[in-house]
Amino acid sequence: MGKVYYVSKNVGLGMLVLAVAALATIIALSIAYDKERAKNRGKPGDEATDSTSMPPPPTTPFIPKEPWDHYRLPDSLVPLSYNVTLWPRLEPDARGMFVFTGHSAVVFRCVKETDLIIIHSNKLNLTTFYGHHAKLTGLGKATVPTIQKSWLVVKTEYLVLQLHSRLAVGSLYLLYTEFLGELADDLQGFYRSEYIEDGVKKVVATSQMQATYARKTFPCFDEPAMKAVFNVIIIHDRATVALSNGRDIVDSVIDGVPVSVTTFEPTERMSTYLLAFIVSDFVKIQSTQNNSLLVRIWARRKAIADRQGDYALSVTGPILQFYEHYYNATYPLSKSDQIALPDFNAGAMENWGLITYRETALLYDPMLSSTGNKERVTTVISHELAHMWFGNLVTLQWWNDLWLNEGFASYVEYLGADYAEPTWNIKDQIILSDVHKVFAVDALASSHPLSRREEEVNNPAEISEMFNTISYSKGAAVLRMLSEFLTEPVFAKGLSSYLNTFAFNNTVYTDLWDHLQKAVENTPGMHIPHTVHNIMNHWTLQMGFPVVTIDTRTGSITQKHFLLDPDSVVDRPSQVSGEDWVLANTNVSGYFRVNYDLYNWDRLLSLLSTNHQALSIINRAQIIDDTFNLARAKIISTTLALRTTKYLSKERDYIPWDSALRNLDYYILMFDRTEVYGALQAYLKKQIQPLFEHFKTITANWTKVPTKHTDQYNQINAVGYACGMGVEGCRELIKSWYRQWMENPHHNPIHPNLKSTVYCSAIAFGGVEEWDFAWRMFKNATLASEASRLRAAMSCTKAPWLLNRYLEYTLDPTKIRKQDATSTIQYVARNIVGMPLAWNFVRARWGYIFQQYGKGSFSFSNLINGITKRFSSEFELQELKKFKEENLHVGFGSATLALEQAIEKTTANIKWVTENKAHVLKWFTEESK
């Protein structure tokens, strides 16, 4: 570990005194912040005309000329420590604004001679000192240059100080700033969350710094490699509690001012994107682990009183113990706080020592929540705790290697969850949730390699775009493949060496390969055909994956790049070489698809028909998913893929059924507006009916819950698809349950596992009465997962006017929270009636939607993906291209790649429908008899 520099205790105490003394200055900061506020305002439906929207594309490419024109910081200064004081106001000021004030002192070392200080600052009103935006002092014997001028650069989000002379290499300096910012409800940086409890509106100040929003909270060197120690003080109302990354060590008050001052222990050396600051009146439950580690769950008072945090607390300890053993490294901090927030854009964020969650990802009610809610809580906690070491203790140098950070956590989350809940067999679900999911994206010509060059990822939109399915799910798939190839003990040994070597520092992804290679070389009797570097370069530096074709008659094995559209042009092609049935890629440990000669396919299909349990559950799912995607790529016939579903009337296990339904969903999306749908519906009704009857029997006519974890999921599939396909008795069952609830709203007879399916179906079969009842229940829900279910279900109505009204609600944060707006639009688009309504809605309001959600939201790309899933006609393709052209002046932000992929997918859909519609209609018609 490199040498860590701390501000001395005396300086730290001095800063605390300064915090108190500066309060008068902070309170008196300029009212001119109204201008900054106005930049972020717009009317729903307006095009983005404000000064913060993306500028029109220039006629010639922008070429950076000055150091402050580059999005990357110069390498001349290195931060060592910060003293940050923040004071969020949870009441609006005289202008109706919520603001925060504060000051920061960053100690940095000069490592290259320079007369410039460039530091990130965005949307902050900085106090001027003698006409400059900051004060600069030298530490020790350093001679401090005077400031010639200072200015803010909006495009690259910098504060720049031009000095009269150069800073000296090796010397330490302190830069002091005072600032005022808006505590906006934009879910970025230091922001405001509001909720109603017992009829009273309450306000929370909370934060989301990843990837580039720490600079919106205080001036800082806001890059992952610019690690430092943070000394934090938060000033807050005495009725509230303040939380940050470190444990609070001093709580004091200021005479004459109705506030508390909470001082936190210095953090470990860490990146700015992992900082967290929260002020609320939340309460906690807690436990102490064997090593005296304090574990706390924070949430709204009512949520804690209803014991919604108990389950999270019960699994956190075991998962932390698992990772300590797995990494062979103790948890590096003194406490582990986890907090459930009413407004949070992502699912969760791994802030070091203070993990933030959506309420649905942390809170669980054993009486009202479903098995799926419980699993989500477990896996998200496991994912975030995995980051406490991998990502936080050791951090990637730059965002181009984000895949290793998120891919790793997405893989080991299954291991941690399996340790906490061993009866779930959850490790198998990586096949459905990650491997099969990412295959669909990575088979596109517009996919991209896991690792990009640093120069390809610069500005905030490009960084946000890295938070995608490739980074998370392909990263998880190839790391799982590597782990199984090397064996888990060798993989864990190399991982432990990597973490202990680079603790509190930064790395590039090849550093992990080095340590895994050493683990291989130090394992007696272990030999691999090539180095870990050479093996993994094929999976990380090129896009896509191979399809391996095995000819069982000749013994030949060949492979080629798998593309859903074999006619598509690839910018970065993959470099690839090479009476019993044969099955390859057992347990789907390899990141590739498998094809066989027709003779072997026939034998495998015969085996499925006569004795499907001779194949493992995972391999049954693999056969289905491989054939459907091989058919999409024109490697095998569509009818061969459809034949893999014929045995399903005998299948009772969840993973094969879910694999089949996910693939058949594509057929539903392509054909539910055509004559094919009637035959398809009849076939699926025939296949799902035995499963529906099976669950009716084992649940004693729907009065009991299936024992197995995965059976509970498969029951949901059985009921949902049986009702959708018209199985007798299903719709009547759904309607009766929902009607009973409407007649007695205080007693819901629907089991939590089935609520999502029942709510959606009942609202689809019903009218305005059913919809309005769901809206009332949604507004009164005290459990976030229940509100989430109802929010999704209301998009299922078939009444266009209700759907249009619901879309308008997404523009009103008092009706639909900002964090939920884009996903609600996607839910409406998933509805066959709602799809054109959602598409028109988004096109008409793109400027406003982009302004509100498009510049930093990791999930914004899902909006484009969700709306265009059904697009399969030339008219829809032209509309999509026209939408792109008409909004170039607005921009697409983190959805830029998603838009290109939507055009590619629509083009492929058109070709596929044209080539397969007649064959599919014929096959479903014959097989449904």
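What counts as what
- Residues numbered from 1 in each chain as written.
- Predicted model: local features only at pLDDT ≥ 70, side-chain atom pairs only at ≥ 80, totals over all residues.
- Heavy atoms only, no water.
- Helix = DSSP H or I, 4+ residues; strand = E, 2+ residues; numbered from the N terminus.
- Contact = heavy atoms within 4.5 Å.
- Pairing = 2+ DSSP bridges.
- Axes fitted to C-alpha atoms, helices over the stretch in contact; angles between N-to-C directions.
- Buried < 20%, exposed > 50% of the residue type's maximum accessible area, 1.4 Å probe, protein only.
- Disulfide = S-S within 2.5 Å.
- Parallel < 35°, antiparallel > 145°, perpendicular 65-115°, else oblique.
- Left-handed = near helix turned anticlockwise from the far one by under 90°.
- Phe/Tyr/Trp six-rings, centres within 6.5 Å; stacked < 30°, edge-to-face > 60°.
- Salt bridge = Lys/Arg side-chain N within 4 Å of Asp/Glu carboxyl O.
- UniProt positions renumbered as here; feature names shortened; annotations may be inferred.

**Q** Where do I start with the environment of Val203 in this structure?
**A** Position of Val203 among the secondary structure elements: in strand β10 (residues 200-208). In sequence terms Val203 and Glu91 are 112 residues apart; their C-alpha atoms lie 7.9 Å from each other. Those residues within four positions of Val203 in sequence are excluded, and the remaining contacts are Leu90, Phe98, Arg192, Ser193, Glu194 and Val279.

**Q** Would you take a moment to explain the sheet that holds strand β3 (residues 114-120) for this structure?
**A** Within a sheet, neighbouring strands are paired by backbone hydrogen bonds and run either parallel or antiparallel to one another. Pairing is antiparallel in the open sheet, where 3 strands are placed in the order β3-β7-β6. With one partner strand each, in any of the chains shown, β3 and β6 (147-153) form the two edges of the open sheet. Adjacent strand axes in the sheet meet at a mean angle of 20 degrees when their direction is disregarded. Across 6 bridges, the pairing between β3 and strand β7 (residues 158-167) is antiparallel. In the strand pairing of β7, His120 is matched with Tyr158.

**Q** Looking at this structure, I do not really get the pairing of strand β11 (residues 229-237). What am I missing?
**A** As a general feature of sheets, a regular strand has side chains that alternate between the two faces. The buried fraction of β11 is high, at 8 of 9 residues. The pairing of strand β1 (residues 77-88) with β11 spans 6 bridges and is classified as parallel. Opposite Val84, over in β11, you have Val232 as the bridge partner.

**Q** Which parts of the structure should I look at to understand the state of the cysteines?
**A** Two cysteines joined by a covalent bond between their sulfur atoms form a disulfide. With the rule as written, the count across this model stands at 2 disulfides. Covalently, Cys760 is tied to Cys796 through a disulfide, its sulfur atoms 2.0 Å apart. Since a negative S-S torsion denotes a left-handed disulfide, the Cys760-Cys796 link at about -105 degrees is left-handed. Residue Cys760 is found in helix α22 (residues 755-765), and its partner Cys796 is found in the loop between α24 (784-793) and α25 (800-809); the two are separated by 36 residues along the sequence. Judged by its relative accessible area of 25%, Cys760 is partly exposed. The exposure class assigned to Cys796 is buried, which follows from its relative accessible area of 10%. With its disulfide-bonded cysteines labelled consecutively along the sequence, the chain is connected as 1-2, 3-4. Cys110 forms no disulfide, and the closest cysteine sulfur to it belongs to Cys220, at a distance of 19 Å.

**Q** Is there a simple way to explain the packing of helix α23 (residues 768-780) against α24 in this structure?
**A** A pair of packed helices can be characterised by two numbers: the angle between their axes and the separation between those axes. Packing of α23 against α24 brings their axes to within 9 Å, and their N-to-C directions diverge by 155 degrees. Our classification of the angle between α23 and α24 gives roughly antiparallel. For the crossing formed where α23 meets α24, the hand is left-handed. Here Ala774, Met777 and Phe778 of α23 lie close against α24, whose contacting residues are Ala787, Leu790 and Arg791.

**Q** How should the packing of aromatic side chains be read in this particular structure?
**A** Inspection of the entire model under this criterion finds 66 aromatic pairs. Summarising the aromatic geometry, the rings of Trp68 and Trp151 are spaced 5.0 Å apart at their centres and angled 90 degrees between planes, so their arrangement reads as edge-to-face. You can see Trp68 sitting in the loop between α3 (34-39) and β1 and its partner Trp151 sitting in strand β6, a full 83 residues away along the chain. For Trp68, a relative accessible area of 16% puts it in the buried group. When the ring of Phe218 is compared with that of Phe277, the centres are 6.4 Å apart and the planes differ by 65 degrees; the resulting orientation is edge-to-face. Linking Phe218 in the loop between β10 and β11 with Phe277 in strand β15 (residues 277-280), this pair joins segments that are 59 residues apart in sequence.

**Q** Please explain the pattern of salt bridges as it appears in this structure.
**A** Side chains that carry opposite charge are capable of pairing whenever their charged atoms lie near each other. Counted under the stated rule, the structure contains 56 salt bridges. Across the pair Asp597 and Arg553 runs a salt bridge, and its minimum N-O distance is 3.9 Å. A relative accessible area of 59% places Arg553 in the exposed class. For Lys815, the salt bridge identified is with Asp812, shortest N-O distance 3.3 Å. A network of salt bridges, in which partner residues are shared, links Glu197, Lys202, Asp281, Arg300, Arg301 and Glu359.

**Q** Is there a simple way to explain the UniProt feature "site: Transition state stabilizer" (unreviewed entry) in the chain in this structure?
**A** Sites flagged by UniProt as "site: Transition state stabilizer" (unreviewed entry) map to Tyr472. Within the secondary structure, Tyr472 sits in helix α11 (residues 469-486). Residue classification places Tyr472 among the partly exposed positions, given a relative accessible area of 25%. Residues within four places of Tyr472 in sequence aside, it is in contact with His383, Glu406, Gly407, Ser410 and Phe467.

**Q** I'm lost on the sheet that holds strand β19 (residues 348-349) in this one. Help?
**A** The strand order β16-β17-β18-β20-β19 describes an open sheet built from 5 strands, whose pairing is mixed. The strands lining the two open edges of the sheet, one partner per strand, are β16 (283-288) and β19. Relative to strand β20 (residues 354-358), strand β18 (residues 335-341) is paired through 5 bridges, and the arrangement is parallel. Counterpart to Ile339 in the pairing with β20 is Thr356. Together, β16, β17 (294-299) and β18 form the strand contacts of helix α5 (residues 310-327), whose direction differs from that of β17 by roughly 150 degrees. Set on the sheet, helix α7 (residues 371-387) makes contact with β18, β19 and β20; between it and β20 the angle comes to about 150 degrees.

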